[in-house]
Amino acid sequence: MEYVTISTLNNWKQKKNKFAAVTAYDFSFARLFSNQGIPVMLIGDSLGMTIQGHSSTLPVKIKDIEYHTRAVRKGAPHSFLLSDLPFMSYCETKQALKNTAKIIQSGANMIKIEGGKWLKKIIKELCDRSILVCGHIGLTPQSFNYLSGYKVQGKEKKDENRLIDEAFLLEEAGIKMLVVECIPSILAQKITNNLSIPVIGIGAGKNTDGQILVMQDLLGITEGKTPKFVKNFLTGSSSIQEAIKKYINEVKEGVYPNPKYSF
Ligand code: KIV
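Predicted model only: the values in this text are computed from it and were never measured.

A. Seen up close, the site of the ligand. Taken together, the residues surrounding the ligand are Thr23, Leu42, Gly44, Asp45, Ser46, Asp84, Lys112, His136, Glu181, Ile202 and Val214. Separating an oxygen atom of the ligand from a side-chain N or O atom of Ser46 is a distance of 2.5 Å. Tallied by class, the residues present in the shell around the ligand amount to three nonpolar, four polar and four charged.

Put into structure tokens, the structure is as follows:
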């Protein structure tokens, strides 16, 4: 099996080959996802909710991400792994460098951080040390208090312009990938077409280079109300393996997310 690298993902962007990504937190699912052909996995701080049962991502610690990154790496030795730096673990450059080292040493290929302009200096410092950094804009769950909840972002013209400016600024600072969460499809398309790095969407329509879903959402085991963009791929599938294959194919063919699952 070939290693998935940042060059692989850049080539797919150039060739307009869409790719499916998923969150993963443990060995067994990482191995299953990898065997079904998922090339990119995120050890997301969503584990605060999906694994630890908190009501937000805020309580997650660096040691939690380290632990789960190590487990996922064992199950998916060839996949491209990105891991979140949790809430308040990258506020200062020195702290960001120290925590990034822990995550990369646990097996991640790239770290992901949420935010805009304020990250410029930190991103530059990380990139100067050959760290692959993924940005995350739009609905940034670590800021849910500031954003007054989990709401679609970039609907107003001024917010749309701010998000476009942030995407450019982050790319200029050195990020090599960008996650855009819960933004209108048309805005995600503009960002994707104007950046040279791969853009992965979640609740951002079908016109991004890749899609990502939280694994519990795509397997329909999230209880209660799920966001509009979530599709349960286990419905109509006879196994988890088949559901994952269906997700991969629908993303590749641009079938998911159709307007029913987009803003
Ligand atoms: O933590 C996470 O799972 C994420 C995804 C929602 C992109 O950041």
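B. Representation of the packing of aromatic side chains within the structure. Within the structure shown, the criterion is met by eight aromatic pairs. The interplanar angle of 5 degrees and the centroid separation of 5.2 Å between the aromatic rings of Phe144 and Tyr150 together place this pair among those described as stacked. Judged by its relative accessible area of 18%, Phe144 is buried. Residue Tyr150 is classed as partly exposed on the basis of its relative accessible area, which comes to 41%. Seen from their ring centres, Phe233 and Tyr256 are 5.2 Å apart, and the 85 degrees between their planes marks the pair as edge-to-face. On the criterion of sequence distance, the pair formed by Phe233 in the loop between helix H9 (215–218) and helix H10 (240–252) and Tyr256 in the segment after H10 is long-range, its members being 23 residues apart. Exposure class is identical for Phe233 and Tyr256. Each is buried. The rings of Phe233, Tyr247, Tyr256 and Tyr261 are connected pair by pair, giving a single aromatic cluster.

C. The pairing of strand E1 (residues 19–23), seen in detail. Among the five residues of E1, five are classified as buried, and the element is accordingly described as predominantly covered. Here E1 shows no split at all, with Phe19, Ala21 and Thr23 on one side and Ala20 and Val22 on the other all buried. Examined bridge by bridge, E1 and strand E8 (residues 210–213) share four bridges and lie parallel to one another. Among the inter-strand pairings, Val22 is bridged to a residue of E8, identified as Leu213. Bridge count for E1 against strand E2 (residues 40–43) is three bridges, and the pairing is parallel. Counterpart to Ala21 in the pairing with E2 is Val40. Following the chain from E1 across helix H2 (residues 27–36) to the adjacent parallel E2, one finds a crossover that is right-handed.

Cut-offs and rules
Residues numbered from 1 in each chain as written. Predicted model: local features only at pLDDT ≥ 70, side-chain atom pairs only at ≥ 80, totals over all residues. Heavy atoms only, no water. Near = heavy atom within 4 Å. Polar contact = N/O pair within 3.5 Å; in protein donor to acceptor, adjacent residues only side chain to side chain. Nonpolar A, V, L, I, M, F, W, Y, C, P; charged D, E, K, R; others polar. Phe/Tyr/Trp six-rings, centres within 6.5 Å; stacked < 30°, edge-to-face > 60°. Buried < 20%, exposed > 50% of the residue type's maximum accessible area, 1.4 Å probe, protein only. Helix = DSSP H or I, 4+ residues; strand = E, 2+ residues; numbered from the N terminus. Pairing = 2+ DSSP bridges. Right-handed = clockwise from strand over helix to strand, strands pointing away.

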